[in-house]
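So you can see what is in the structure, the chains are spelled out below.
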Amino acid sequence: MRQDLSERERLQPVWAQRGYSCEIWIDPPRQIWHDSVHDVDVLLHLIEGEAQIDLPGRIVRMHPGDEITVPAGTRHTVHNCNGDPARWLRGYRQQAASANA
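I will try to describe carefully the structure that is included in this document. (Residues numbered from 1 in each chain as written. Predicted model: local features only at pLDDT ≥ 70, side-chain atom pairs only at ≥ 80, totals over all residues. Heavy atoms only, no water.)

1. Regarding the overall build of the chain
Filter applied, for reference: The numbering of helices and of strands both runs from the N terminus, where a helix is a DSSP run of H or I of at least 4 residues and a strand a run of E of at least 2. Only protein chains enter the accessibility calculation, which uses a 1.4 Å probe. A residue is then buried if its area is under 20% of the maximum for its type, exposed if over 50%, and partly exposed in between. Whether two residues touch is decided by their heavy atoms; if any such pair falls within 4.5 Å, the residues are in contact. Positive charges come from Lys and Arg, negative ones from Asp and Glu, while His and the chain ends are left out of the count. A single reference atom marks each charge: NZ on Lys, CZ on Arg, CG on Asp, CD on Glu.
Across its full length, the chain carries 1 helix and 8 strands. Each helix (α) and strand (β) of the chain, taken in turn from the N terminus, gives the series α-β-β-β-β-β-β-β-β. Seen along its three principal axes, the alpha-carbon backbone of the chain occupies a region of about 50 × 35 × 20 Å. Per-residue burial for the chain yields a buried fraction of 37% across its 101 residues. Restricting the contact set of the chain to residue pairs at least 6 apart, pairs at least 24 apart contribute 71%. Side-chain charges in the chain split into 11 positive and 14 negative, and the spacing between the mean points of these groups amounts to 2 Å.

Below is the structure:
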């Protein structure tokens, strides 16, 4: 768990500058999230484990240290590919504050 926290501490300010939140996410062994769709861009960084993300027209195999952005509205499936938990940093693009606020 300490690795999760140190990665979050390292990447959170960088992601904030890019306009993303940054939270730790842990998928149990062999977890599959079928046909997910988000209203905003999602940034994923794999800390530990192996994962696969199925996107329209391509499959991305992820290893520790890999990062991918899933654009808003993109249907995707995320697989934890082994018998151990997959540990991620997951961030959502923050909506810009209204200029009239």
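And the narrative resumes.
2. Let's talk about the side chain of Asn-82
When you line up the elements, Asn-82 lands in the loop between strand E7 (76-80) and strand E8 (86-92). Among the residues examined, Asn-82 registers a relative accessible area of 19% and is labelled buried. Excluding anything up to four places from it in sequence, Asn-82 contacts Pro-29, Arg-30, Gly-49 and Glu-50.

3. A look at the sheet that holds strand E6 (residues 67-70)
The following threshold applies: A pair of strands is considered paired only if DSSP assigns at least 2 bridges between the two. Structural elements are reduced to axes, namely lines fitted to C-alpha atoms, with helices fitted over the stretch in contact, and the angle between N-to-C directions of any two is expressed from 0 to 180 degrees.
Overall, antiparallel pairing links the 4 strands, which are arranged E1-E8-E3-E6 in an open sheet. Each having just a single partner strand, strand E1 (23-27) and E6 make up the two edges of the open sheet. Adjacent strand axes in the sheet meet at a mean angle of 30°, parallel and antiparallel pairs treated alike. With 6 bridges joining them, strand E3 (residues 42-48) and E8 adopt antiparallel strand pairing. Opposite His-45, over in E8, you have Leu-89 as the bridge partner.

4. What about the pattern of salt bridges?
Short version of the rule: Salt bridges, as used here, are contacts in which a Lys or Arg side-chain nitrogen is within 4 Å of a carboxyl oxygen on Asp or Glu.
One pass over the structure, following the stated rule, counts 6 salt bridges. For Arg-10, the salt bridge identified is with Glu-7, shortest N-O distance 3.1 Å. Highlighted residues: Arg-10 and Glu-7, both in helix H1 (residues 2-18), separated by 3 residues, approximately one helical turn. Judged by relative accessible area, Glu-7 falls into the buried class, the value being 16%.

5. Brief notes about the packing of aromatic side chains
This is how the line gets drawn: In this scheme Phe, Tyr and Trp rings, the latter by its six-membered ring, pair at centre separations within 6.5 Å, and the angle between planes marks the pair as stacked below 30 degrees, edge-to-face above 60, and tilted otherwise. Here, a charge over a ring means that NZ of Lys or CZ of Arg falls within 6 Å of the ring centre while also lying within 35 degrees of the ring normal.
Within this structure, the stated rule accounts for 1 aromatic pair. For the ring pair Trp-25 and Trp-33, a centre distance of 6.0 Å and an interplane angle of 55° mean the geometry is tilted. Look at Trp-33 and you get partly exposed, because its relative accessible area is 36%. Lying across the ring of Trp-25, Arg-90 places its NZ or CZ 3.8 Å from the centre.

Coordinates in, geometry out; function isn't part of it.
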